[in-house]
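One letter stands for each residue in the lines below.
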Amino acid sequence: MKKSQLDRGKAIHKETGQTFYYATRLLPSRIRTPTYVLYGFFRIADEVVDGNQGLTPAEKREQLEHIREAALGNVDADDPVVDAFAEIRAEYDIPDEEIHEFIDAMLTDIDTDRYETYEDLEGYMRGSAAAVGQMMCALMDPDDREAATPHAGKLGEAFQLTNFIRDVREDIRELDRVYLPMETLDAYDVTVDQLRSEECTPAFREAIQAEVRRAEQLYRQGVAGIEHLPKDCQFAVLLAATLYAEHHRLIRKQDFDVLSTRPSLSTARKLWVVSKTWWNWRRFQDPVTVFRRVSPIPETEAGTLDAEETPHVLYPE
């Protein structure tokens, strides 16, 4: 991999993925370097959809299809990061299916701005989040990849659902998109017009609380699989989980009002989470135990992080 490719991927990662960047820096170098390229690739594809408003939908589709073919090594890319990603895909045996799932999700964003059911949103996240987690899992090359991969996908979905909850106001303002299932909004009599007017009603708070609980079940499922990763990768992935989950503490502190203020972790809060996660990791060396002690995610009624629990169960505050 050329230095220019790595530098560009790292710069994109640092600028646009600050929460994940904190954790990435703690990965061993053999994983950290290709991770910068992976993240750069993801952002380049995302920017085609949302970053260049001068392109028509047809032009966006054409560019994404070119990125797909370049990522699969079938054509030369127009960006050094995409070329570097194609090398990494081959070197780490990332399944072509994951590339297709990811690019298909980016194509969906061109003309889809609502998801009627959670199953519809889950289908989108299969490409935009689960595929990302599973590609990261391929880089880490766990001994039991079959056991680790499903959990990696769930953790990727947890991160993205947290982002969707956190960014409700920005998504409707800037993109006129709603990444909360319409069935959830309908169940609590919340309308898209209320989101546009940034009207935080008691019903809206309840809808957000329901989606927070759904996301927290995904964290339980994802964190339960960190033990399958190589030992020198476990802390970094665990830290990413505790940092993302920390947004839920802020969301609860705001009484689930993500319309008035976007929940955002300060540098001081991030450093606090890093230090607390590290201290507990040195003591327990167990991802589930540390996540339970550090994160604001409530436990199940049985007092354990049950990976098989239904996502619709309500948990104590």
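Residues numbered from 1 in each chain as written. Predicted model: local features only at pLDDT ≥ 70, side-chain atom pairs only at ≥ 80, totals over all residues. Heavy atoms only, no water.

Asks: Requested: an account of the packing of helix α13 (residues 231–253) against helix α14 (residues 267–284), with residues and values cited.
Replies: One can describe the packing of α13 onto α14 by two numbers: an axis separation of 10 Å at closest approach and a directional angle of 135 degrees. Relative to α14, the element α13 is oriented oblique. Note on packing geometry: the crossing formed by α13 with α14 is right-handed. Note on element contacts: α14 touches α13 through Arg269, Lys270, Trp272, Val273, Val274, Thr277, Trp278 and Trp281, opposite Lys231, Gln234, Phe235, Leu238, Leu239, Thr242, Leu243, Glu246 and Arg249. (Axes fitted to C-alpha atoms, helices over the stretch in contact; angles between N-to-C directions. Helix = DSSP H or I, 4+ residues; strand = E, 2+ residues; numbered from the N terminus. Parallel < 35°, antiparallel > 145°, perpendicular 65-115°, else oblique. Left-handed = near helix turned anticlockwise from the far one by under 90°. Contact = heavy atoms within 4.5 Å.)

Asks: Describe unusual backbone geometry, naming the residues involved and giving the relevant values.
Replies: Most peptide bonds adopt trans geometry, and most residues besides glycine take a negative phi value. With phi around 55 degrees, aspartate 93 is a residue other than glycine that occupies positive phi space. Relative to the elements of secondary structure, aspartate 93 occurs in the loop between α5 (80–91) and α6 (96–111). Look at glutamine 285: it is not a glycine, yet its phi comes out positive at around 55 degrees.

Asks: Run through the pattern of salt bridges, naming residues and quoting values.
Replies: Going through the model one piece at a time under the given rule, you end up with 27 salt bridges. In this structure, arginine 61 and aspartate 111 form a salt bridge, with 3.0 Å as the shortest nitrogen-oxygen distance. Here arginine 61 is found in helix α4 (residues 57–71), whereas its partner aspartate 111 is found in helix α6, with 50 residues between them in sequence. Arginine 89 serves as the salt-bridge partner of aspartate 96, at 3.6 Å between the closest nitrogen and oxygen. Classification of aspartate 96 as partly exposed rests on a relative accessible area of 40%. By relative accessible area, which is 14% here, arginine 89 ends up buried. Put simply, Asp113, Arg114, Asp176, Asp193 and Arg196 are held in one network by salt bridges that share partners. (Salt bridge = Lys/Arg side-chain N within 4 Å of Asp/Glu carboxyl O. Buried < 20%, exposed > 50% of the residue type's maximum accessible area, 1.4 Å probe, protein only.)

Asks: Please set out the packing of α4 against α6 residue by residue, giving values where relevant.
Replies: For the pair α4 and α6, interaxial distance at closest approach is 10 Å and the crossing angle is 170 degrees. Relative to α6, α4 is oriented roughly antiparallel. Here Pro57, Lys60, Arg61, Leu64, Glu65, Ile67, Arg68 and Ala71 of α4 come into contact with α6, specifically with Ile99, His100, Ile103, Asp104, Met106, Leu107, Ile110 and Asp111. Here the contact of α4 with α6 is composed, by residue class, of 9 nonpolar, 1 polar and 6 charged. (Nonpolar A, V, L, I, M, F, W, Y, C, P; charged D, E, K, R; others polar.)

Asks: Run through a negative patch on the surface, naming residues and quoting values.
Replies: Among the surface-exposed residues, Glu116, Glu119, Asp120, Glu183, Asp186 and Asp189 lie close enough to one another that they form a single negatively charged patch. When contributions to the negative patch are tallied by element, the ones reaching two or more residues are α7 (118–140) and α10 (182–187). Its location among the elements puts aspartate 189 in the loop between α10 and α11 (192–196). Using a relative accessible area of 65% as the deciding quantity, one classes aspartate 189 as exposed. (Patch = residues over 30% accessible without salt bridge, like charges linked within 9 Å, V, L, I, M, F, W, Y side chains within 5 Å. Areas by Shrake-Rupley, 256 points an atom, 1.4 Å probe, with all protein chains shown as cover. Lys, Arg positive; Asp, Glu negative; His and termini not counted. Charge placed at Lys NZ, Arg CZ, Asp CG, Glu CD.)

Asks: Tell me about helix α8 (residues 145–166), and name the residues and values.
Replies: Compared with an ideal rise of 1.5 Å per residue, which puts 22 residues at 32 Å, α8 spans 31 Å between its outermost C-alpha atoms and is within 8% of the ideal. Counting buried positions along α8 yields 16 of 22 residues, so the element is predominantly enclosed. (Expected span 1.5 Å × (residues − 1).)

Asks: Before we move on, can you summarise the packing of aromatic side chains with the specific residues and values?
Replies: If you walk through the whole model with that rule in mind, you get 14 aromatic pairs. Taken together, a centroid distance of 4.2 Å and an interplanar angle of 10 degrees make the contact between phenylalanine 159 and tyrosine 244 stacked. You can see phenylalanine 159 sitting in helix α8 and its partner tyrosine 244 sitting in helix α13, a full 85 residues away along the chain. When sorted by exposure, phenylalanine 159 lands in the same class as tyrosine 244, which is buried. (Phe/Tyr/Trp six-rings, centres within 6.5 Å; stacked < 30°, edge-to-face > 60°.)

Asks: Would you mind going over the nonpolar core in detail, with residue names and values included?
Replies: Formed by 93 residues in total, the largest nonpolar core has its most connected members in Phe41 and Ile208. Contact partners of phenylalanine 41, with chain neighbours within four places excluded, come to Ile67, Ala71, Val81, Val82, Phe85, Phe102 and Ile103. (Core = buried A, V, L, I, M, F, W, Y, C linked by side-chain atoms within 4.5 Å.)

Asks: Go over the environment of threonine 56, please, and point to the residues and values.
Replies: Along the chain, threonine 56 falls in the loop between α3 (29–50) and α4. On the basis of relative accessibility, which here comes to 38%, the residue threonine 56 falls in the partly exposed class. Along the sequence, threonine 56 and isoleucine 110 sit 54 residues apart, while their C-alpha atoms lie 9.6 Å from each other.

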